[in-house]
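Notes for the structure review
Single-letter residue listing:
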Amino acid sequence: MRRLRPALLAVAVCAAASGTGSAPAAVRAPSLVGVTVTPTIYPDYSPAIHDYVVRCDPSDPVRISAWPGFGATPLIDGKARTTAAVKLSSDEAVSIAVRAGRVTQAYHIRCLPSDFPDWTVTGTGAPGEWTIATPTLSLGTATAHYVAIFDANGVPVWWYRTGRVPIDATLLPGPTIAFASFPAASQSYEIHRLDGTLAGRIVSPDGHIDDHELQRTANGDYVFLVYDPKQHVDLTPYGGPADGTVLEGKIEEVTPKGKLVWSWSTDGHVDLSESTRWLPTIIGTPVVLTDGESTYDFFHANAVSLDKGVVLLSLRQTDGIYAIDKATGQILWKLGGTPTPESLTVVGDPDGADPLGGQHDVRVLPDGTITVFDDGTFLGRPPRAVRYRIDTSTHTATMLQQITDPAVGTSLCCGSARMLANGDWEVSWGGDDVVGQYGADGTPLFQMTFDGLFSYRAVPVAESLLSAAELRAGMDAMAAKVAPAAR
């Protein structure tokens with residue numbers, strides 16, 4: 001039985017300068033002049049890149065050769081040597097280190113599962129940012145299902161194989177990773193530790209939890225969406241049955257122990273007529289719940305954002321974003337969709353007549369502006385990431401930015417748009433297989449393209465919240481449980 005050796009940690013060491021009272025001088029960390037690996041690693045070796053992956057065969061060793069700089073000693077899997085043939089199974093890693101005196105630099109090569117999705121990368125992402133993605137959704141193609149965390153080089157440093165299609169994966173304290181499953185058969189969000197073990201589930205006290213959104217409040221409560229069927233609704237004005245069931249959009253807030261502390265529903269607040277543009281889809285394709293009941297999804301809630309007593313709600317099938325006063329439940333304003341008394345006037349947007357089409361992923365930024373992924377669904381235009389300034393005194397929404405990608409022409413669903421701390425954007429282009437980062441002017445900086453798959457969202461996470469050492473340790477723990485073998 002093989003036991004994985006602990007990952008070698010990179011250690012920053014300063015050498016004492018000569019002379020009493022003089023400041024220490026930094027010693028340059030040693031590096032490997034070159035590394036060759038068979039099969040080929042991704043990405044190509046660079047002294048500045050410390051995490052790599054390889055598609056390996058457990059019966060065929062990974063062959064490594066390492067060339068250290070002058071005066072340095074290479075260590076492969078903890079042993080002082082320049083070449084090695086190491087057998088790896090899925091999730092396992094081999095470390096290559098280089099040591100000079102008391103200073104060590106470590107590099108890590110991890111074996112991808114054979115069914116991990118294919119992807120290609122161009123450019124380099126924002127330094128200091130991870131990306132959580134779920135590249136498992138496809139149109140009619142069965143595939144293995146993974147939640148994965150990629151670094152700025154497009155390297156998956158952590159992954160977890162799920163039983164169903166994961167959706168809306170997000171980081172929670174611990175650190176832990178939470179995700180729902182699509183379709184929402186589990187009626188919960190699963191929370192997993194980085195070693196893969198189940199830490200808990202988030203469930204609705206009185207409904208069928210939605211799979212689109214999970215937020216954690218400053219006090220530790222959870223906010224999520226719930227499928228809320230309303231029966232005996234006359235839908236004949238919309239081409240439906242006289243006695244139909246409508247799937248209302250409901251928001252719930254629960255404590256970590258599952259106690260309901262706040263809820264809000266579209267019922268009584270959003271009229272069915274606000275979904276007029278989507279009627280052919282709504283009436284033509286009713287949703288069948290797990291109990292077999294056919295319902296009509298007039299609203300399709302898909303995103304929530306919290307901001308100082310105001311809750312923003314995205315309803316895909318009204319083409320609208322709604323600001324809800326948490327204390328009173330009243331709608332303060334509406335952006336996009338069918339005009340209502342609460343509708344904002346859109347300023348400076350070339351698509352201001354129809355600013356949103358099946359949008360997703362509304363978020364409030366620290367400066368009070370909001371970002372939205374506008375799918376542009378059924379509007380004959382490409383999707384875009386867009387940012388607005390909301391002025392409640394003038395009842396206006398002024399467009400400040402929009403980002404598009406010439407390679408992405410349409411988006412039927414899904415997607416996300418997040419502004420990074422440096423002002424760049426990270427966008428998952430909905431039903432398209434591209435996740436990219438873009439400058440404030442829309443210049444493409446970094447793209448991961450998944451082979452025929454797409455990720456419901458792409459969630460940037462600062463490295464200050466999640467370290468590479470934690471991700472590697474989690475992967476080592478999962479590998480040790482799955483397939484330990486003699487090396």
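Structure's up top.
1. Describing the sheet that holds strand 12 (residues 119–123)
Taking strand neighbours across the sheet as the criterion, the five strands line up as 12-38-37-36-35 in an open arrangement whose pairing is antiparallel. At either margin of the open sheet sits one strand with a lone partner, and together these are strand 12 and strand 35 (416–419). Neighbour-to-neighbour, the strand axes of this sheet turn through a mean angle of 10°, independent of strand direction. Bridge analysis of strand 35 against strand 36 (residues 425–428) gives four bridges, and the strand direction is antiparallel. Bridging from a neighbouring strand, Ala 417 pairs with Val 427 of strand 36.

2. A short note on unusual backbone geometry
What you tend to see is this: most non-glycine residues have negative phi, and most peptide bonds are trans. Following Thr 38, the chain continues into Pro 39 via a peptide bond in cis, with omega recorded as 0°. The topology assignment puts Pro 39 in the loop between strand 3 (32–38) and strand 4 (41–42). The backbone phi angle of His 232 is positive, close to 60°, even though this residue is not glycine. For His 232, the location among the structural elements is in strand 21 (residues 222–233).

3. Brief notes about the pattern of salt bridges
Taken as a whole and assessed by the stated rule, the structure comprises 24 salt bridges. Taking the shortest distance from any N to any O, the salt bridge between Arg 55 and Asp 118 comes out at 3.2 Å. Within this pair, whereas Arg 55 is found in strand 5 (residues 51–55), its partner Asp 118 is found in the loop between strand 11 (103–112) and strand 12, the two being separated by 63 residues in sequence. The exposure class of Arg 55 is partly exposed, given its relative accessible area of 33%. Put simply, Arg 381 and Asp 351 hold a salt bridge, and the shortest N to O gap is 3.8 Å. Taken together, the residues Arg 381 in the loop between strand 32 (370–374) and strand 33 (384–391) and Asp 351 in the loop between strand 30 (345–347) and strand 31 (360–364) connect sequence positions 30 residues apart. Residue class for Arg 381 comes out buried when judged on its relative accessible area of 13%. Connected through salt bridges with shared partners, the residues Asp 168, Glu 213, Asp 361, Arg 363, Arg 418 and Arg 457 form a single ionic network.

4. Here we look at the state of the cysteines
By the definition in use, this model includes two disulfides. A disulfide bridge connects Cys 56 with Cys 111, and the sulfur atoms are separated by 1.8 Å. Taking the torsion about the sulfur-sulfur bond, which here is approximately -135°, the covalent link between Cys 56 and Cys 111 counts as left-handed. Residue Cys 56 is found in the loop between strand 5 and strand 6 (62–68), and its partner Cys 111 is found in strand 11; the two are separated by 55 residues along the sequence. With a sulfur-sulfur separation of 2.4 Å, Cys 413 is cross-linked through a disulfide to Cys 414. Given an S-S torsion of about -70°, the disulfide between Cys 413 and Cys 414 has left-handed geometry. Here the disulfide map of the chain reads 1-2, 3-4, the bonded cysteines being numbered as they appear in the sequence.

5. Remarks on the side chain of Ser 416
Assignment of secondary structure puts Ser 416 in strand 35. Judged by relative accessible area, which is 0%, Ser 416 ranks as buried. Looking at Ser 416, its side chain comes within polar contact range of the main-chain nitrogen of Ala 458, at 3.0 Å. Setting aside residues no more than four positions away along its own chain, Ser 416 makes contact with Asp 361, Phe 373, Glu 426, Val 427, Ser 428, Tyr 456, Arg 457 and Ala 458.

6. Topic: the packing of aromatic side chains
If you walk through the whole model with that rule in mind, you get 13 aromatic pairs. Between Trp 119 and Phe 150, the ring centres sit 6.1 Å apart and the planes meet at 70°, which makes this aromatic pair edge-to-face. Of the two residues, Trp 119 sits in strand 12 while Phe 150 sits in strand 14 (residues 146–150), which places them 31 residues apart along the sequence. Of the two residues, Trp 119 and Phe 150, neither departs from the other in class, the shared state being buried. Between Phe 373 and Trp 429, the ring centres sit 5.8 Å apart and the planes meet at 70°, which makes this aromatic pair edge-to-face. Here Trp 429 lies in the loop between strand 36 and strand 37 (434–438) and Phe 373 lies in strand 32, a separation of 56 residues in the sequence. What makes Phe 373 buried here is its relative accessible area of 0%. Through successive ring pairs, a cluster of aromatic residues spans Tyr 42, Phe 116, Trp 119, Tyr 146, Phe 150, Trp 159 and Phe 450.

7. Some thoughts on the sheet that holds strand 17 (residues 176–182)
In a beta sheet, neighbouring strands pair by backbone hydrogen bonds and run either parallel or antiparallel. As summarised here, the arrangement of the four strands in space is 16-17-18-19, forming an open sheet in which the pairing is antiparallel. At either margin of the open sheet sits one strand with a lone partner, and together these are strand 16 (165–172) and strand 19 (198–203). With direction set aside, neighbouring strand axes in the sheet form an average angle of 25°. Looking at chain direction, strand 18 (residues 188–193) and strand 19 are connected through five bridges and run antiparallel. Along strand 19, the bridge assignment pairs Ile 191 with Gly 200.

Analysis parameters
Residues numbered from 1 in each chain as written. Predicted model: local features only at pLDDT ≥ 70, side-chain atom pairs only at ≥ 80, totals over all residues. Heavy atoms only, no water. Pairing = 2+ DSSP bridges. Helix = DSSP H or I, 4+ residues; strand = E, 2+ residues; numbered from the N terminus. Axes fitted to C-alpha atoms, helices over the stretch in contact; angles between N-to-C directions. Salt bridge = Lys/Arg side-chain N within 4 Å of Asp/Glu carboxyl O. Buried < 20%, exposed > 50% of the residue type's maximum accessible area, 1.4 Å probe, protein only. Disulfide = S-S within 2.5 Å. Polar contact = N/O pair within 3.5 Å; in protein donor to acceptor, adjacent residues only side chain to side chain. Contact = heavy atoms within 4.5 Å. Phe/Tyr/Trp six-rings, centres within 6.5 Å; stacked < 30°, edge-to-face > 60°.

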